[in-house]
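A closer look at the structure
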Amino acid sequence: MSEHILEIRHLGKAFGAHEVLRDIDFTVDAGDVISIIGASGSGKSTLLRCINLLETPTSGEILYHGTNVAGRGVSAAKYRSRVGMVFQSFNLFNNMTVLENCMVGQRKVLGRGKAEAQAQAVAYLNKVGMAPYIYAKPRQLSGGQKQRVAIARALAMEPEVLLFDEPTSALDPEMVGEVLAVMQALANDGMTMLVVTHEMAFARDVSSRAVFMHEGVICEQGAPAALFGDPQRQETRDFLARFRSA
Amino acid sequence: MDKFAKLGQDMVLLWSKYKLMYWAGIWNTLKLAFIATLIGCVIGLLCGVLNTIPCTKNDPPLKRFFLKLLRVVIRVYVEVFRGTPMVLQSVFIYYGLPYFSNNALRFDNIWTAAILIVSINTGAYMAESVRGGIISIDPGQTEGAKAIGMTHVQTMLYVIMPQALRNIIPQIGNNYIINVKDTSVMFIIGFTDFFAQHRYIVGVNNMYFPSATIEMIAYLTLTLAASFLLRLVEKWMDGPDNYELVQVDALTMSAGTYTHPSRKTPFDEQNKEYRERTRQLLKHGRMRGDR
């Protein structure tokens, strides 16, 4: 079954006695754009952080091309360099310029030369429309600009999968659009993406599959049209109804 | 008023007579304080980094044991050297080593002893400052670095330490200033720093107060100069407040013959001509002379 890029099996995570995730099962194939939706506290972000091993899962397996990366003796760093992540709070390196932010991973982790890393960084920054700002420091940028740089930084590593952890939640409404546009362009390019989001329009229109989480379990998943148009579970209906009225 | 005049006269007299001794003392004090602060910082950085190596349940038990042991050792070092007076530490180490090794180990050079003692002391303080500096950095920075596949060492080296260092510069300055003053206790093992010179000089002529005044003024000058220089360093580390937009197509540059940003190419925005052009465009909306 190694044709899946990622296969999550019976994943569980508990903080002490509090079970945040229970028995999560799903697969990610090349080209998938999976939206994970659900109420706050339903475990969406924890799931994403477990997939990137920023949280250590308490049970279950995460198979990356058939290898369990959640077990002992696996280099988390190497795995993470293949699975990019974009955070809610951007997490750009404050001590570096935009260009250096996008180069440091390529140079230190992938061992690329300076010229190559620079060309690559500028190319991806151009893609997200941030190329003019290569000499700016993160503190000099707006939220939307920072998030676009963060996406370029992740892309510059040429990851197989890109994880987005509520990429637009910390942004002012007028900046959400520019980030979503970049993400939509990536989806159209065939990038494999896993997006935790509260942007229902994005989940419905851009993703190839939607996953609804409720209280630490996957409540319902399927094609976005089906999930949004004809939800099968009462919890899903309640959740979506709240978004429609809002 | 004539008391002040008398004091001034005495100070001039002392200075003209013992100028060389004072200067030698100042020089020794500065040298010792500087070297010891530097070494102390290195010790502190090492301790701080070793102290913050993450230790998860997935690590092999042996690694976890060593990490725990390391933390305990550093903790003991910090507490012992932070919790005892430096003047006592110097006596303890200077006379303790020959005592236990039957004179096989002793300090032939007073500099070695002084630098060792002051560095170890500074290191103990710096270890805590560095730890504070590291945990003051937003955990998101670490996560951002980990998410692109950096190891702990790389994360520390390229992301956390540069920022932590910036934050602990005031602490380093603090330690340097403390060292400038506190190296005066090194007279106890016979180190001729600035204050030791004072003791020699007044031993000859009993002019306690004028000599002390000279020392006060000189110490204050040294520390004021140090804080001024450190402010400059901080400003320099913060980098420029402004940035320039790169207004030519960045992609063409990277794909073309230029490795961007090559100095002295027309694309280099540091280039004087280009900067001038940008300035004029911003100011007049066009190049001067263009119609």
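Details of the structure are given in the entry above.
What counts and how
Residues numbered from 1 in each chain as written. Chains lettered and ligands numbered in written order. Predicted model: local features only at pLDDT ≥ 70, side-chain atom pairs only at ≥ 80, totals over all residues. Heavy atoms only, no water. Helix = DSSP H or I, 4+ residues; strand = E, 2+ residues; numbered from the N terminus. Rg over C-alpha atoms; globule rule 2.2 N^0.38 Å. Buried < 20%, exposed > 50% of the residue type's maximum accessible area, 1.4 Å probe, protein only. Contact = heavy atoms within 4.5 Å. Areas by Shrake-Rupley, 256 points an atom, 1.4 Å probe, with all protein chains shown as cover. Lys, Arg positive; Asp, Glu negative; His and termini not counted. Charge placed at Lys NZ, Arg CZ, Asp CG, Glu CD. Pairing = 2+ DSSP bridges. Axes fitted to C-alpha atoms, helices over the stretch in contact; angles between N-to-C directions. Salt bridge = Lys/Arg side-chain N within 4 Å of Asp/Glu carboxyl O.

Each helix and strand in chain A was counted, giving nine helices and 10 strands. In terms of overall dimensions, chain A is globule-like: its C-alpha atoms have a radius of gyration of 18 Å, near the 18 Å expected for 246 residues. Its C-alpha atoms put chain A at 55 × 45 × 35 Å along the principal axes. Relative to its 246 residues, chain A shows a buried fraction of 57%. Considering only contacts in chain A between residues 6 or more positions apart, those separated by 24 or more positions represent 66%. Surface exposure of chain A reaches about 9600 Å², of which carbon and sulfur atoms provide 47%. Taken as two groups, the 25 positive and 26 negative side-chain charges of chain A have centres that lie 8 Å from each other.

So, about the sheet that holds strand β7 (residues 161–165) of chain A. Residue and element names in this part refer to chain A. Strand order in this open sheet of six strands is β6-β7-β8-β3-β9-β10, and the pairing throughout is mixed. Looking at which strands have only one partner, the edges of the open sheet turn out to be β6 (83–86) and β10 (217–222). Taken over all neighbouring pairs, the strand axes of this sheet differ in orientation by 20° on average, direction set aside. As paired strands, β7 and strand β8 (residues 192–196) are joined by five bridges and run parallel to one another. Note on β8: the bridge partner recorded for Val161 is Thr192. Sheet contacts for helix α6 (residues 173–188): β3 (33–38), β7 and β8; angle to β8, the most-contacted strand, approximately 145°.

The pairing of strand β1 (residues 6–15) of chain A with strand β2 (residues 18–28) of chain A spans seven bridges and is classified as antiparallel. Bridged to Phe15 of chain A within β2 of chain A is His18 of chain A.

Counted according to the given criterion, the structure contains 19 salt bridges over all chains. Notably, a salt bridge pairs Glu143 of chain B with Arg49 of chain A, separated by 2.7 Å at the nearest N-O pair. Within this pair, whereas Glu143 of chain B is found in helix α5 (residues 139–147), its partner Arg49 of chain A is found in helix α1 (residues 44–51), the two belonging to separate chains. In this structure Arg49 of chain A comes out as buried when scored by relative accessible area, which is 15%. The shortest N-O distance in the salt bridge between Glu79 of chain B and Arg75 of chain B comes to 2.5 Å. Placement of both Glu79 of chain B and Arg75 of chain B in helix α2 (residues 61–82) is noted, with a separation of four residues, approximately one turn of the helix.

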